[in-house]
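Per-entry structural report
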Amino acid sequence: TGVQTCALPIFAARMQFDVIAATYAAAKPIADAIRLRFDGYRGTMGTSPNTTVVRNTTLENEIDGLVTPVSGNAPDKYRVILDFMFTYNETIPS
């Protein structure tokens, strides 16, 4: 008997992480940890039975900036934006 296999569809999704902190010195190490964790990631994400096979993850963009409050006397916050592209196999329920 032969084993039948079929290719699972491949999808891509962009995911953005925003790190906001009172100082740049506080925001940057958190952003670095996120970048180190996800850039180049391959593997399975999720908890069975809701798992997804990630084929590749790439950091597409990283932006440092300020968030200025719309009103009031609140101080500016520092923001680091990380945009990742996840390429993954779509799970097909049996």
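These remarks concern the structure in this document. (Residues numbered from 1 in each chain as written. Predicted model: local features only at pLDDT ≥ 70, side-chain atom pairs only at ≥ 80, totals over all residues. Heavy atoms only, no water.)

1. Digging into the nonpolar core
Put simply, the test is: Think of a nonpolar core as a cluster: buried Ala, Val, Leu, Ile, Met, Phe, Trp, Tyr and Cys residues, connected wherever their side-chain atoms sit within 4.5 Å. Three labels apply to residues, based on accessible area from a 1.4 Å probe with only protein chains included: buried if under 20% of the type maximum, exposed if over 50%, partly exposed otherwise in between. Helix and strand definitions follow DSSP, with helices as H or I runs of at least four residues and strands as E runs of at least two, each counted in order from the N terminus. Residues count as neighbours in contact if any of their non-hydrogen atoms are within 4.5 Å of one another.
F17, V19, I34, F38, V80, L82 and F84 are the most contacted members of the largest nonpolar core, which has 13 residues in total. Of all the secondary-structure elements, those providing two or more residues to this core are strand 1 (10-21), helix 1 (24-38) and strand 4 (77-89). For V80, the residues in contact, after removing those within four places along its chain, are F17, D18, V19, Y24, A27, A31, E62, I63 and D64.

2. What about the environment of N61?
Residue position: N61 is located in strand 3 (residues 50-67). Beyond its immediate sequence surroundings of up to four residues, N61 is in contact with I81, L82 and D83.

3. Thoughts on the pairing of strand 4
Which entries qualify depends on this criterion: In this analysis, strands are considered paired if DSSP registers two or more bridges between them.
One ladder, built from twelve bridges, connects strand 1 with strand 4; its direction is antiparallel. Following the sheet pairing, F11 is matched in strand 4 by Y88. When strand 3 meets strand 4, the two strands line up antiparallel, connected through 13 bridges. By the bridge assignment for strand 4, V54 is matched with Y88.

4. Some remarks on helix 1
Stated precisely, the cut-off is as follows: One less than the number of residues in a helix, times 1.5 Å, gives the span that helix is expected to have. Summarising the geometry, the arc corresponds to the directions from the helix axis toward the C-beta atoms.
For helix 1, which comprises 15 residues, the first-to-last C-alpha distance of 21 Å matches the rise-based estimate of 21 Å (1.5 Å per residue) to within 8%. Three or more residues of helix 1 are buried, namely A27, A31, I34 and F38. Projection of helix 1 onto a plane perpendicular to its axis shows the buried side chains occupying an angular sector of 60°, all on one side. The exposed residues of helix 1 that point more than 90 degrees off its buried face are A25 and L36. Looking at the packing, one finds that the buried side of helix 1 touches strand 1, strand 2 (43-47), strand 3 and strand 4.

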